[in-house]
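Structure at a glance
What follows is the residue order along each chain.
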Amino acid sequence: MSSDYLSSWAKNIAPSPTLAVDAKAKALKAAGHDVCGFGAGEPDFDTPQFIKDACAQALIDGKTKYAAAPGLPELRQALADQYHQNGVIAEANPAQIVVSPGGKYSCYLAILATCGPGDEVLIPAPYWVSYPEMAKLAGATPKIVLAGDDQGFKITPEQIEEALTPATKLLILNSPSNPTGCLYDRSEMEAILDLAIRKDILVMSDEIYEYLLYDGSVHHRPASFSDEARDRVITVSGFSKTFSMTGWRLGTLVANPTIAKAVANLQSQTSSNATTFAQYGALAAVQNWDQSMQAVQDMLVHFDRRRLLLLDGLNAIPGIECLRSQGAFYLFPKVSSFGLSSEEFSARLLEQENVAVVSGHAFGADGYIRLSYATSDEII
Ligand SMILES: *Cc1c(COP(=O)(O)O)cnc(C)c1O
């Protein structure tokens, strides 16, 4: 069948390049090549045992039916308590929480609930690969603003102000960032929020890496800054990266009651609830927070060691410059001095050296490559 039969949405969407690199590396490995994979965007640890146990017990207890579309009431309440404590919501109101099948879906629903044809979505680059495609799927127009390594990969209020038009509806923030690992400090984040409030634009803050921090860095949740911020920031996070639960598909969204209700409605008509027994595992993670944070600390010891190993190794290569990241599990070195596009560079690296990385092009930043250090010291 010709692609004429496909919808305009399907024709215009690009496949996820990060998943594609991972698939190519796995195929080469299966064919007997000794591939060093830096492509994967997921922790290489197992999920903490007590979380798996809670899920297994739920399965044994027959928690195998549909749950409430926006999430298990106990889980939404536990998350509401937590987000109230850290200032993201003014009261511990579970109606402001939606649990979705993955943080990716939470992002998509946040965009779908707020943006449509005629709206512009402001996306700082380097960006997570899915944001522009999600904006397009909502019928909106992605507008990209580049922040290079000379500014620590962080967008400034001046750049945002310059890119604003009367059609700008939503600004996407992702700190700590995938692909750069950069982290906005409090004053930088506050200046951006002040502008968003002044210009009446909504903010989606993707905080999926909020607990993966190094060098004593602190993550600042923009929604917690003020009542006005709480009203216009949609906070997205999830269990995938923090607790090594990528395959569980569990994301979270926190927003004002109007947006949260719209997101819940969209979810109820498109996916229904996130997997019921998986949510019991998440509930154990939230209810036993000290134990959960201990598990994260244990993983961070390894991530941090690998981060520094990879950082030093990269910076020791003539022609490569890499900023010291502060969060997530990625480094985003500049490779432009080699005179190749980053797509060409990463393609040759895989073909000639059996090293899998993702081209910066995929993140809207040519001249860089992304390496994930969620891999062994031996590989690094
Ligand atoms: C991994 C990731 C997500 C969501 O991951 P899920 O597996 O869908 O929970 C969201 N945003 C960014 C920036 C990510 O890297």
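Since the model is a prediction, treat every value here as computed from it, not as a measurement.

Looking only at helices and strands, one finds 13 helices and 12 strands in the chain. For a compact globule of 380 residues, the expected C-alpha radius of gyration is about 21 Å, and the chain comes in at 20 Å, within 12% of that figure. With the principal axes as the frame, the chain shows a C-alpha extent of 55 × 55 × 55 Å. Per-residue burial for the chain yields a buried fraction of 54% across its 380 residues. If you take every contact in the chain between residues at least 6 apart in sequence, the share linking residues at least 24 apart comes to 73%. Here the chain has roughly 16,100 Å² of accessible surface; of this, 52% comes from carbon and sulfur atoms. The positive charge centre, built from 29 side chains, and the negative charge centre, built from 43, are 4 Å apart in the chain.

The full set close to the ligand counts 13 residues, and Gly103, Asp206, Tyr209, Lys241 and Arg249 are the nearest of them. Contact distances for the ligand include 2.8 Å between an oxygen atom and a side-chain N or O atom of Asn178. Contacts to the ligand include Arg249, whose side-chain N or O atom sits 2.7 Å from an oxygen atom. With respect to the detected pockets, the ligand is housed in the largest pocket. Looking at the shell around the ligand, its residues break down into 4 nonpolar, 5 polar and 4 charged.

We now examine the domain arrangement of the chain. The assigned domain composition of the chain is domain 1 (3–46 + 291–372) and domain 2 (65–288). Relative placement of domain 1 and domain 2: their C-alpha centres are 23 Å apart. Contact residues are listed per partner, giving 39 residues for domain 1 and 36 residues for domain 2. Across the domain 1/domain 2 interface, buried area totals approximately 3,200 Å², and carbon plus sulfur atoms make up 59% of it.

The rules we used
Residues numbered from 1 in each chain as written. Predicted model: local features only at pLDDT ≥ 70, side-chain atom pairs only at ≥ 80, totals over all residues. Heavy atoms only, no water. Helix = DSSP H or I, 4+ residues; strand = E, 2+ residues; numbered from the N terminus. Rg over C-alpha atoms; globule rule 2.2 N^0.38 Å. Buried < 20%, exposed > 50% of the residue type's maximum accessible area, 1.4 Å probe, protein only. Contact = heavy atoms within 4.5 Å. Areas by Shrake-Rupley, 256 points an atom, 1.4 Å probe, with all protein chains shown as cover. Lys, Arg positive; Asp, Glu negative; His and termini not counted. Charge placed at Lys NZ, Arg CZ, Asp CG, Glu CD. Near = heavy atom within 4 Å. Polar contact = N/O pair within 3.5 Å; in protein donor to acceptor, adjacent residues only side chain to side chain. 1 Å grid on protein atoms, 1.4 Å probe; cavity = no way out; pocket = protein on both sides within 12 Å on 5 of 7 lines; lining within 4 Å. Sits in = over half its atoms within 2 Å of the grid points. Nonpolar A, V, L, I, M, F, W, Y, C, P; charged D, E, K, R; others polar. Domains from an automatic or database assignment. Buried area = accessible area lost by both parts, 1.4 Å probe.

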